[in-house]
Structures are given as C-alpha cells and as structure tokens.
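# Chain and residue survey
Listed here are the chains, written in short residue letters.
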Amino acid sequence: MSKVFNQGRDNRVSALESINLEIDSGEFVSLLGPSGCGKSTLLRLIGDLTSPSTGAVLVNGKSAAQARRGREYGMVFQQATLYDWRTVSRNVQLPLEIMGHSREQREARTQEMLKLVQLESFGRHYPWQLSGGMQQRVAIARALAFQPSILLMDEPFGALDEMTRERMQMELLRIWEQTKNTVVFVTHSIPEAVFLSSRVVVMSARPGRIAGIINIDVPQPRNFETREHPRFFEKITEVRECLRQGETNTHKGPPS
Amino acid sequence: MTVAQTVELGLDENQRDAQWRLALRRAASFLLILLLLCGVWEGYKALGQATRGKVPFTSLKLPIRPDDKSMPHLWTIGGSLLQPARRGGEDILLVILLKAALFTWREAVMGFVGGSVIGFLLGAIFGRFLLFERSLMPYIVASQTVPLLAIAPMIVIWGGRLNWPAWWSVSIISAYLTFFPVTINTLRGLRSPNLTAVELMRSYAASEMQILLKLRLPAALPYIFTALKVSATASVIGAIVGELPSGIQDGLGRVLLTFSYYYISGPEKLYASIVGAAALGILFAVIVALAERWIVPEGRRLSE
C-alpha cells in the first residue's frame, strides 16, 4: 500500500511507500517513528479518513470504507476534541445519538463508560471544567461508547505532562484488558510504545515506510513494575536501534 | 478557591454566586460611566459659560456653544419628557416617545427577524456550497456599500405600487441592514469546527445533516449571536431611516425629523428623542443578549 499527496503535481509528496502490515484481532499495536514518517497518515488510512493511492486496507475481509460505515472504528485524537457545548455525558452520548440508540440505552451506556474511565461524578460538567487528562479520558469513553471493535489512537497522550501520561497509559491498559479491543496507537515516545504494545511497528521518514516490526514479549499484564523490568529496557534498546537503522538507510538513499 | 473545592461544592451554587457578583459589578460600572458622561456635559457647559465660549486661557472658540440653546441642561432635557410636546397638545413628550418607539420597534423587530432568517439561510447555503459563496458573495458585500438613503425611497415606491402597508417597506429596509452581519458570522461559525471535530463525525459515519445539526450549527451559535446583537441595533436604525421617505407619521423617524425642524424653539426635545432612539436600540440588543445567555452555555460565549 502507498500514499502520495498532491499526486500528479509538482509538489507531490510520497507519504508512505510499500506498507505491508497485518494486525491481529485483539492486538495492541503501536506505530512509532519521527515526525513526518507518515504514522498518522497510516492510521488515517486504516480509519478511512483518507484513501490509499495504491493498495487497500482490509478489515476482517471488508474494505476500510465498509468498516467505517459499519462503525467499527473508535477514534481518539491528540486533542480530546470534546464538543464544548455539550456536558461530559452528552459528549459520550454523541456517537450513540448519531447511531440512533434510544435514550435509555444511551444513558445506561454513558454511565457504564464514565465508570470505566472513572469519571462517574463528572457527567454534568462541561469539558472546559476538566483537566487535560480527564478530557482525554472522556474522549476514550466516547470512542468506546458504541463498542467498536477497533480503537484508533493518534498520539492521544501527546499533549499531557509526563506524570499524567504514565497514569493514562496504565488506565488505557486496564481498559484494553477489559474490552479486548484491537488498538492501533500512534506515538513518538519509545517507552510509551514499548510499555503499551504487544507489537511495535517502527517507521522511518521520507518516504514513510516500515523499518521493522518488533514483538514486545514483556510479560503481561503490564503494571508499575514493568517499567523497571530488564526485558522492558532490552526492548527499548531494540526499538531504538531499529529507529536508528531506519534513519541511516534513509540518508543513504537519493536526496529527496 | 481550589479546584477540589469547586468540584465538591457543585458548580451550580458557585456559578450563581459569581453571576450575581458579575451582574452587580456591571450595573455599577454602567451607572458610573453614565454619571461620568453627565458630568462631562454639565462640566463643559459650566466651564464654557465661565470663559464666555472660549478654550480656557486662549482666544480659541469652543467647538460647541455652551449656551442653553445648543446644550440644554440635562434637567431641562429630562423635564421636557414630562411636558406636553406642543402648546395645547394632550400627550407629554414621554408618552409620545414611547408610542413612537413602540411603533418603530414593531417595524424593527419584523425587519430583524426577516433579515436574520434570510441572513442565516444565505450563510448556511454559502457554507455548504462554495460555488454559491464565490459567485454571490461580491454582490452581498456590494449591497452593503450602497447608501441606505438611496435605496430606502425605491423600496417605499415599490411597496406603494404593490399596495403594501407603508410599515412593511420600512421593515424591508430594516431587514436590508440586518441580514449582512448574520450571513458573514453564520458562514464563519459553520466553518469554525476544526478538521478533527469533523473527522470525528466521519468516523461515526454521520450524515451531512447530522454533521450540520450536531456539530456545525451548535459551533456557529456564539458567532450568530454576536451578529444578532449588532443586527438588533442596526434594525432600529434601519427602521428610523426607512420611516423618513415613507411618510409614516407614527414612528421615531418622524418625531426626530419634526423636533429637528423646531430645534430653535425646543432643542431639549430633540435631545430627548435622540436618547429615546438610542435607548430603543440598546434595549433590543440587551434582549438578544439575554436570549443568548439562555441558549448558549457560559463558557462558549464570544463577546463577554
């Protein structure tokens, strides 16, 4: 699969080249790489928010467009993107409203979701009354409210401070263990990718391609001690090596 | 107050408290400014009379004569409200002004409502179809550069040919002045959601209509209300100007015209009428602002 922006024009940019990736159901996969490596573009291709120039995305044998129309994707972006005229619980209800669920269903489901992200008592607050981490938890609750099978996360913790970030990572793993979703997680933080994922897809830039795929066999379930586990450090080193090799290969290539 | 306390108390109580304090502070600052303006008026008069109309310590003339003809005392203006407007007339000026204001307001409200609806629809159409915006927007802009005074008589004449009640034409003139800010701000507001907010909707496979109703329209409301507040005052001006060529006798336009004819014999009456016309415009804008408070949640209002 490949993606070219501004195809056929002078300012064409080859964002992704010869991408070949298979993700198993229930897997937690991170897309890791420097800015401009096309990791977000790849996520948007999977979510059918943009379409590939060549090749195709298949989700359980269906096209990405079919999967999107079948409401199989829950999206979480770097910005929480809560609608600030809606209260927290009405934000979580938004996808359910669009999908035509009844009021009782919506309210029950919203309660359940807010409980999952531990914000039960904040349903009637407005987004601007919450901290950045809380807002992002609401965004996760909203993404999971309609029980999509795949969770697509585009640097969801990128705007948070380090402490909040680590707490949110634990939270996300706890949620993932409960919901058994397939998660595709874009990040440019090596420890974040290693801590969360069952596999890390390392990408390199110009043109964006996959430099390597690394299995993270750090014992599950991950918890506070994981960050001090020797295997965790080994994997971080392995990912870093892979990133550096990706870079060197780029520099050997023709000037872009 | 710490964040934790705010959360525990529940925001309702705190917010209501803060709102009251804010309202009080606003009322106080409004009165203060009003007093200040009155002080400037009377101070200028007193100073000017002491220096016989000259800028102190110079031989330069003051721009406005400080005598009672050019600048009646504020109590003369106020007092004129309670006296019959004409010798032997029945109604005191206040009653005449109130009646005229009510009449003009009806025209302005019709113009405001009509203009806002048209303005909103144009904005919504432009927001959806770029082609319409590109091709029609220049004319919309041009429509506002044509002086109202040139158009008003034409609308009155056309209305006359169609046998409309005269005040309809006035409302149309008022609408003409009203729709433009609403169109511009509706367009801006509908386009205000960022790409991510729209992509979120796409990821739910939401229809165009759902995106409009659940995202673009609520996002546009603060922008639209900002325009409506401008339009509310503009609609009153439109109605007053529109009354002049239409020969309507019952509105503020005629009252202002009459008292400006008889300025020499009673300047305070013209001043009182001007204050009345301004008050009508302000009152209308305040009503729209109150509607906004009711409809748009607090954290989202643009102009506060």
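Model, not experiment: these values are computed from the prediction.

### Side note on the confidence of the model for chain B
All names here are of chain B.
- Residues with a pLDDT of 70 or more make up 93% of chain B, whose mean pLDDT is 87.
- Across chain B, the secondary-structure element scoring lowest on mean pLDDT is helix α1 (residues 3–9), at 45, and the one scoring highest is helix α4 (residues 93–128), at 93.
- Below a pLDDT of 50 lies the segment residues 1–9, which in the model reaches four contacts outside its immediate sequence neighbourhood of four places, other chains included.
- Across the interfaces of the predicted complex, the ipTM metric reaches 0.85, alongside a pTM of 0.79.

### Some thoughts on the packing of α4 of chain B against helix α10 (residues 252–261) of chain B
Residue and element names in this part refer to chain B.
- Contact geometry of α4 with α10 gives a least axis separation of 8 Å together with a crossing angle of 135 degrees. Between α4 and α10, the interaxial angle falls into the category oblique. For the pair formed by α4 and α10, the contact residues are I96, L97, A100, A101 and T104 on the first element and L252, G253 and V255 on the second.
- Residue composition of the contact of α4 with α10, by class: six nonpolar, two polar and no charged.

### Concerning helix α11 (residues 267–295) of chain B
Residue and element names in this part refer to chain B.
- End to end, α11 covers 43 Å across 29 residues, agreeing with the expected 42 Å (1.5 Å per residue, within 8%).
- Residues of α11 that are buried: P267, E268, K269, L270, A272, S273, G276, A277, L280, F284 and E292.
- For α11, the elements touching its buried residues are α3 (74–80), α4, α9 (208–246) and α10.

### Here's the deal with the packing of α9 of chain B against α11 of chain B
Residues and elements named next belong to chain B.
- Between α9 and α11, the shortest axis-to-axis distance is 9 Å and the interhelical angle comes to 160 degrees. By the criterion of interaxial angle, the relationship of α9 to α11 is roughly antiparallel. Helix-helix and strand crossings are classified by hand; for α9 and α11 the assignment is right-handed. For the pair formed by α9 and α11, the contact residues are L221, F225, L228, K229, A232, T233, V236, I237 and I240 on the first element and A277, L280, G281, F284, A285, V288, A289, E292 and I295 on the second.
- A per-class count over the contact of α9 with α11 returns 14 nonpolar, two polar and two charged.

### Here's the deal with the interface of chain A and chain B
- Across the boundary between the two partners, chain A contributes 20 residues, which contact 17 residues of chain B.
- Elements supplying a minimum of two residues to the side of chain A that touches chain B: α2 (64–69), β6 (73–76) and α3 (88–98) of chain A.
- No other element matches α3 of chain A, which puts three residues into the side of chain A that touches chain B.
- Taken together, the residues that form the side of chain A that touches chain B break down as 12 nonpolar, four polar and four charged.

### As for the pairing of strand β9 (residues 199–204) of chain A
Residues and elements named next belong to chain A.
- Counted residue by residue, β9 has five buried out of six residues, so it is predominantly covered.
- The pairing of strand β3 (residues 28–32) with β9 spans four bridges and is classified as parallel. Among the inter-strand pairings, S30 is bridged to a residue of β9, identified as V200.
- Inspection of the sheet shows β9 paired to strand β10 (residues 209–215) by six bridges, in the antiparallel sense.

### Quick word on the domain arrangement of chain A
Residue and element names in this part refer to chain A.
- Under the domain assignment, chain A is made up of domain 1 (3–72 + 149–252) and domain 2 (83–147).
- With 11 residues of domain 1 in contact, the opposing surface of domain 2 contributes 10 residues.
- In terms of residue count, helix α6 (residues 162–179) provides more of the side of domain 1 that touches domain 2 than any other element does, five residues in total.
- Taken together, the residues of the side of domain 1 that touches domain 2 sort by class into seven nonpolar, two polar and two charged.

Cut-offs and rules
- Residues numbered from 1 in each chain as written.
- Chains lettered and ligands numbered in written order.
- Predicted model: local features only at pLDDT ≥ 70, side-chain atom pairs only at ≥ 80, totals over all residues.
- pLDDT = per-residue confidence, 0-100.
- Helix = DSSP H or I, 4+ residues; strand = E, 2+ residues; numbered from the N terminus.
- Contact = placed C-beta atoms within 7 Å.
- Axes fitted to C-alpha atoms, helices over the stretch in contact; angles between N-to-C directions.
- Parallel < 35°, antiparallel > 145°, perpendicular 65-115°, else oblique.
- Nonpolar A, V, L, I, M, F, W, Y, C, P; charged D, E, K, R; others polar.
- Expected span 1.5 Å × (residues − 1).
- Buried ≥ 20, exposed ≤ 12 C-beta atoms within 10 Å, placed from the backbone.
- Left-handed = near helix turned anticlockwise from the far one by under 90°.
- Pairing = 2+ DSSP bridges.
- Domains from an automatic or database assignment.

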